[in-house]
Amino acid sequence: MSPNETRKPANTQWGGRFTSGPSEVMERINASIGFDQRFFAQDISGSRAHARMLVEQGILSSEDGQAISDGLDTISREIEEGSFVFSAALEDIHMNVESRLRELVGDAAGRLHTARSRNDQVATDFRLWVRDEIDAVEIQLRGLQEALLDKAAAHADTIMPGFTHLQTAQPVTLGHHLLAYVEMFGRDRGRFADARARLNESPLGAGALAGTSFPIDRAATAAELGFDRPMANSLDAVSDRDFALEFLAATSIAMTHVSRFAEELVIWCSDGFRFVHLSDAYTTGSSMMPQKRNPDAAELSRAKTGRVFGALLGLLTVMKGLPLAYSKDMQEDKEPVFDAADSLALALAAITGMVSDMTADPENMRAAAGKGQPTATDLADWLVRAAGVPFRDAHAITGAVVSLAEERGVDLSTLSPADMQAIDPRISEDVFQVLSVEASVASRTSEGGTAPDNVRAAVDAARARYLGN
Ligand code: ARG
């Protein structure tokens, strides 16, 4: 602070011990109201539950309880309407609400903070916020699975190349490929549900760190706020941010899936592939090159993954050096979680939109699926099955057949029986039944395999498992 800077009066929430207010930079570094106002609704619910319990326990008069409840109604309305004036001098959402409550209802407001600290208050608010966010993500993930399942059902028979190393490996169906993502997003739902179950304990009543001497009823506030039970240890209750880390970890993994799918869309839309087409709704043009149609929404969904990973690593780093219990460092827990949650919500909306929007080009996919001898494994398998050749030998024989086809610049299925028999006399004409791409796909009937009938059954099973219909 410069020597001439005039200080404000001390903060009224702890004014007793302070003679003057903070420097301008102290106020700026300390204030979280710019972002934590985002959980005003959770803060007000927490205060309501706390006040009701204090009345129930005879710690607060019912008149004061009523005044607090009415005041909180007004504040809630003011914030929703946008007329509430947030003040950085009041640091955070908790003190902004309490200070306004005092203006509205007088002394009763000062009694609301009995047996409570901002430490258990913020932990409660944040858990409630993350829980709400998980519930919203769950709906979005389900919607994405539904969109994928609809497309998968429509493309149970659509043949495309399956890749390993992004080299043509074996033909698969587009429906099967999309169902792989249904599984990934299904596991994401499971991870969010696990995180939700673990976070659903109430920190309220832990006080600053040690509990309180007032005869509070933690089970009552926990129940009112929809928590399963109070957290067992007051030090843990105010200092734990595992729930935020788990949310960020689950979000990071979900974003990995979003990003992989986005990458596939970018590849599939590219000139070398042209497997799918995205409409004007999800693409942009170039200001210079009139022919361009760029898959920007897919690219940005892929890119947003970076900031989500950053959020996880950032919060892990904030938490890793903190002794028990609360340290102000923990105020830095919110922005990364908000940003990651917003990024995931937006990317899921974009991906879901693109899944529904995309139109496949079955001819291009089928043509690509035929390139690169994708039925070589089918020839080897036939040698094993029909001629009793050990798989290793069959692999070598097939290698020789593939070499010959490549030398001639043709597909395996267009070599003559004589050409093949010259390599191994055990190869008969029957082999041609398995060498087409269609036959290859139709033969993959093992559980979880790509055969169109399997895909149709898998779509039904996934609908039952994930959508309950
Ligand atoms: N704004 C604070 C936070 O977000 C609330 C808790 C403040 N606690 C304290 N002891 N200063 O973490």
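What you are looking at is a predicted structure, and each value in this text was computed from that prediction instead of being measured.

Draft legend 1. View of the overall build of the chain. On a plain count of helices and strands, the chain comes out with 19 helices and six strands. Here the chain has a C-alpha radius of gyration of 31 Å; the compact-globule value for 469 residues is 23 Å, and the former is much larger. Principal-axis analysis of the C-alpha atoms places the extent of the chain at approximately 100 × 55 × 40 Å. Computing the positive centroid from 45 side-chain charges and the negative centroid from 67, the chain places the two 2 Å apart.

Draft legend 2. Representation of the nonpolar core. Counting 93 residues, the largest nonpolar core has Phe 126, Val 130, Leu 148, Phe 192, Phe 261, Trp 268 and Val 337 as the members making the most contacts within it. Top contributing element to this core by residue count: helix 11 (residues 242–269), with 16 residues. Leu 148 has contacts with Leu 178, Tyr 181, Val 182, Phe 185, Phe 261 and Val 355, leaving out every residue within four places of it along the chain. Judged by nonpolar contacts, the second largest core, of 19 residues, contains Trp 382, Leu 383, Ala 394 and Met 420.

Draft legend 3. Local environment of the site of the ligand. Close to the ligand lie Ser 32, Asp 92, His 94, Arg 118, Asn 119, Val 122, Tyr 326, Gln 331 and Lys 334, which account for all nearby residues. The side chain of Gln 331 places a nitrogen or oxygen atom 2.8 Å from a nitrogen atom of the ligand. Across the complex, the protein chains shield 86% of the 340 Å² of accessible surface that the ligand would expose by itself. In terms of residues, the shell around the ligand owes the most to one element, helix 7 (residues 118–154), which gives three residues.

Draft legend 4. Molecular detail of the packing of aromatic side chains. Tallied over the entire structure, the rule returns twelve aromatic pairs. Between the aromatic rings of Phe 126 and Phe 243, the centroid separation amounts to 5.5 Å while the plane-to-plane angle is 80 degrees, which identifies the pairing as edge-to-face. Taken as a pair, Phe 126 in helix 7 and Phe 243 in helix 11 lie far apart in primary sequence, 117 residues in all. Each member of the pair, Phe 126 together with Phe 243, is buried. Judged by centre distance (6.5 Å) and plane angle (75 degrees), the ring pair of Phe 126 and Phe 338 falls under edge-to-face. Pair noted here: Phe 126 is in helix 7 and Phe 338 is in helix 13 (residues 334–357), with a separation of 212 residues, a long-range link. With respect to class, Phe 126 is no different from Phe 338; both count as buried. Every member of this aromatic cluster is reached through a ring pair, and the members are Phe 39, Phe 126, Trp 129, Phe 243 and Phe 338.

Draft legend 5. Summary view of unusual backbone geometry. In this chain, Leu 324 is followed by Ala 325 through a cis amide linkage whose omega measures 0 degrees. Inspection of the secondary structure puts Ala 325 in the loop between helix 12 (296–319) and helix 13. Its identity is not glycine, yet Glu 91 carries a phi of approximately 65 degrees, on the positive side. Here Glu 91 shows up in the loop between helix 4 (62–81) and helix 5 (93–105). Although it is not a glycine, Arg 274 sits at a positive phi angle of roughly 55 degrees. Inspection of the secondary structure assignment puts Arg 274 in the loop between helix 11 and strand 5 (276–277).

Draft legend 6. The arrangement of the pairing of strand 2 (residues 167–173) in detail. Pairing of strand 1 (residues 159–164) with strand 2 involves six bridges; the strand directions are antiparallel. Within strand 2, the residue paired with Pro 161 across the bridge is Pro 171. Linkage of strand 1 to strand 2, two consecutive antiparallel strands, is achieved through a turn of two residues, within which His 165 is found at a positive phi near 60 degrees.

Draft legend 7. Here's a closer look at the environment of Arg 456. Along the chain, the position of Arg 456 falls in helix 19 (residues 452–467). The partly exposed category is assigned to Arg 456, whose relative accessible area is 36%. Along the primary structure Arg 456 and Asp 217 are separated by 239 residues, whereas in three dimensions their C-alpha atoms are 54 Å apart. What Arg 456 contacts, discounting residues up to four positions off in sequence, is Ala 156 and Asp 157. Within the structure, Arg 456 has its side chain in polar contact with the side chain of Asp 453 (distance 3.1 Å).

Draft legend 8. Examining the pattern of salt bridges more closely. Enumeration over the complete set of coordinates arrives at 31 salt bridges. One salt bridge connects Arg 463 with Asp 150, and the closest N-O pair in it is separated by 3.2 Å. Taken as a pair, Arg 463 in helix 19 and Asp 150 in helix 7 lie far apart in primary sequence, 313 residues in all. Among the residues examined, Asp 150 registers a relative accessible area of 43% and is labelled partly exposed. Put simply, Asp 280 and Arg 293 hold a salt bridge, and the shortest N to O gap is 2.8 Å. Residue Asp 280 is located in the loop between strand 5 and helix 12, and its partner Arg 293 is located in the loop between strand 5 and helix 12; the two are separated by 13 residues in the primary sequence.

Draft legend 9. Seen up close, the side chain of Ser 343. Relative to the helices and strands, Ser 343 resides in helix 13. Residue Ser 343 is classed as buried on the basis of its relative accessible area of 4%.

Draft legend 10. Highlighting the packing of helix 3 (residues 40–56) against helix 7. One can describe the packing of helix 3 onto helix 7 by two numbers: an axis separation of 9 Å at closest approach and a directional angle of 125 degrees. Relative to helix 7, the element helix 3 lies oblique. Relative to helix 7, helix 3 is oriented so that their crossing is right-handed. Residues Gln 42, Asp 43 and Ser 47 of helix 3 pack against Gln 121, Asp 125, Leu 128, Trp 129 and Asp 132 of helix 7. The residue makeup of the contact of helix 3 with helix 7, split by class, is two nonpolar, three polar and three charged.

Draft legend 11. Spotlight on the packing of helix 12 against helix 13. Helix 13 packs onto helix 12 with a crossing angle of 155 degrees between their chain directions and a minimal axis gap of 9 Å. If you check the angle between helix 12 and helix 13, you find them roughly antiparallel. Like other packed secondary-structure pairs, helix 12 and helix 13 cross with a definite hand, here left-handed. For the pair helix 12 and helix 13, contact is made by Ala 297, Ala 298, Ser 301, Lys 304, Arg 307, Val 308, Ala 311 and Leu 315 and by Pro 336, Val 337, Asp 339, Ala 340, Ser 343, Leu 346, Ala 347, Ala 350, Ile 351 and Met 354, respectively. Grouping the amino acids of the contact of helix 12 with helix 13 by side-chain chemistry returns 13 nonpolar, two polar and three charged.

Parameters at a glance
- Residues numbered from 1 in each chain as written.
- Predicted model: local features only at pLDDT ≥ 70, side-chain atom pairs only at ≥ 80, totals over all residues.
- Heavy atoms only, no water.
- Helix = DSSP H or I, 4+ residues; strand = E, 2+ residues; numbered from the N terminus.
- Rg over C-alpha atoms; globule rule 2.2 N^0.38 Å.
- Lys, Arg positive; Asp, Glu negative; His and termini not counted.
- Charge placed at Lys NZ, Arg CZ, Asp CG, Glu CD.
- Core = buried A, V, L, I, M, F, W, Y, C linked by side-chain atoms within 4.5 Å.
- Buried < 20%, exposed > 50% of the residue type's maximum accessible area, 1.4 Å probe, protein only.
- Contact = heavy atoms within 4.5 Å.
- Near = heavy atom within 4 Å.
- Polar contact = N/O pair within 3.5 Å; in protein donor to acceptor, adjacent residues only side chain to side chain.
- Areas by Shrake-Rupley, 256 points an atom, 1.4 Å probe, with all protein chains shown as cover.
- Phe/Tyr/Trp six-rings, centres within 6.5 Å; stacked < 30°, edge-to-face > 60°.
- Pairing = 2+ DSSP bridges.
- Salt bridge = Lys/Arg side-chain N within 4 Å of Asp/Glu carboxyl O.
- Axes fitted to C-alpha atoms, helices over the stretch in contact; angles between N-to-C directions.
- Parallel < 35°, antiparallel > 145°, perpendicular 65-115°, else oblique.
- Left-handed = near helix turned anticlockwise from the far one by under 90°.
- Nonpolar A, V, L, I, M, F, W, Y, C, P; charged D, E, K, R; others polar.

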